[in-house]
Amino acid sequence: MQTTNDQVLAWLDTFSPIASMKENPEALAREMETIAGVFTRETSGPGTIDKTFQHIKMTNTSRAWPTAAQVYEALREVKREKTGEKVIGSQTGDRFKLDAINRSKLENEVIPTAKRWLGQFPGLRKHAISVLLERAAH
């Protein structure tokens, strides 16, 4: 049976190494270790690795290796799906629990953008309405 590292290294071979590291075997090895380490630390339960591989293949926009951050986020997404936890984008929240910077961003960027979408982009109307309704609820 393959170890997690073996699985990750075999999977990374399906991508092209990061261009800036191609000529630096030490950097490639460190990057491989970093990515494998994320899998080792964050993997929970059977099937997590394979589901994460699939998730990254479907969301990666290039043929290059995913970053450790992309792997981490994909693992978190797979865990959310397994536990039934809501995805951040679909969670409801209380804007008053946000720190000042994020509350300002919500009130000065997100909400005005949603209002603009109502008229300008019919395809985004449903999303804009949900953002505005969420704002009205709090």
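Residues numbered from 1 in each chain as written. Predicted model: local features only at pLDDT ≥ 70, side-chain atom pairs only at ≥ 80, totals over all residues. Heavy atoms only, no water.

This part is about the overall build of the protein. Helix and strand counts for the protein stand at 6 helices and 0 strands. If you list the helices and strands of the protein from N to C, you get α-α-α-α-α-α. For the protein, the residues scored as buried account for 25% of the 138 residues in total. A separation threshold of at least 6 residues defines the contact pool for the protein, and within that pool the share at least 24 residues apart is 58%. (Helix = DSSP H or I, 4+ residues; strand = E, 2+ residues; numbered from the N terminus. Buried < 20%, exposed > 50% of the residue type's maximum accessible area, 1.4 Å probe, protein only. Contact = heavy atoms within 4.5 Å.)

What follows is about the nonpolar core. Counting 19 residues, the largest nonpolar core has Val-8, Trp-11, Phe-39 and Val-71 as its most contacted members. Sort the elements by how many residues they give to this core and helix H2 (residues 25-42) lands first, with 6 residues. (Core = buried A, V, L, I, M, F, W, Y, C linked by side-chain atoms within 4.5 Å.)

The predicted model of the protein has a mean per-residue pLDDT of 78, with 80% of residues at 70 or higher. Counted against residues more than four places away or in other chains, residues 87-92, with its pLDDT under 50, gives 5 contacts. (pLDDT = per-residue confidence, 0-100.)

One pass over the full model with this rule turns up 2 salt bridges. Two residues, Lys-79 and Glu-42, come together in a salt bridge whose shortest N-O distance is 3.2 Å. In this pair, Lys-79 sits in helix H4 (residues 68-83) while Glu-42 sits in helix H2, placing the two residues 37 residues apart along the sequence. A residue is classified by how much of its surface remains accessible, and Lys-79, at 25% relative accessible area, is partly exposed. Using a relative accessible area of 21% as the deciding quantity, one classes Glu-42 as partly exposed. (Salt bridge = Lys/Arg side-chain N within 4 Å of Asp/Glu carboxyl O.)

The geometry of helix H1 (residues 4-12) relative to H2 is characterised by a closest axis approach of 9 Å and an angle of 125° between their N-to-C directions. In terms of orientation, H1 and H2 fall into the oblique class. Remark: the crossing between H1 and H2 carries right-handed chirality. Residues Thr-4, Asn-5, Val-8, Leu-9, Trp-11 and Leu-12 of H1 lie in contact with H2, whose contacting residues are Met-32, Ile-35, Ala-36, Phe-39 and Thr-40. Partitioning the contact of H1 with H2 into residue classes produces 8 nonpolar, 3 polar and no charged. (Axes fitted to C-alpha atoms, helices over the stretch in contact; angles between N-to-C directions. Parallel < 35°, antiparallel > 145°, perpendicular 65-115°, else oblique. Left-handed = near helix turned anticlockwise from the far one by under 90°. Nonpolar A, V, L, I, M, F, W, Y, C, P; charged D, E, K, R; others polar.)

Now for H4. With 16 residues, H4 extends 23 Å from end C-alpha to end C-alpha; this agrees with the ideal 22 Å at 1.5 Å per step. Looking at the buried positions of H4, the neighbouring elements they touch are H2 and helix H3 (48-59). (Expected span 1.5 Å × (residues − 1).)

Looking now at the side chain of Asn-60. Tracing the sequence through the fold places Asn-60 in the loop between H3 and H4. The class for Asn-60 is buried, based on a relative accessible area of 15%. From its side chain, Asn-60 meets the backbone oxygen of Ala-64 in a polar contact 3.1 Å long. (Polar contact = N/O pair within 3.5 Å; in protein donor to acceptor, adjacent residues only side chain to side chain.)

The next thing to look at is the packing of aromatic side chains. Evaluated as defined, the whole model comprises 4 aromatic pairs. Geometrically, the ring pair formed by Trp-11 and Phe-39 is edge-to-face, given 5.9 Å between the ring centres and 75° between the ring planes. In this pair, Trp-11 is assigned in helix H1 and Phe-39 in helix H2, connecting sequence segments 28 residues apart. Of the residues examined, Trp-11 reaches a relative accessible area of 6% and is grouped as buried. Taking 4.5 Å as the distance between ring centres and 10° as the angle between the ring planes, the aromatic pair formed by Trp-11 and Phe-53 counts as stacked. Residue Trp-11 is located in helix H1, and its partner Phe-53 is located in helix H3; the two are separated by 42 residues in the primary sequence. For Phe-53, a relative accessible area of 11% translates into the label buried. Members of the aromatic cluster, joined through ring pairs, are Trp-11, Phe-15, Phe-39 and Phe-53. Positioned above the aromatic ring of Phe-15 is the side chain of Lys-57, whose terminal nitrogen or guanidinium carbon lies 4.8 Å from the ring centre. (Phe/Tyr/Trp six-rings, centres within 6.5 Å; stacked < 30°, edge-to-face > 60°. Lys NZ or Arg CZ within 6 Å of the ring centre and 35° of its normal.)

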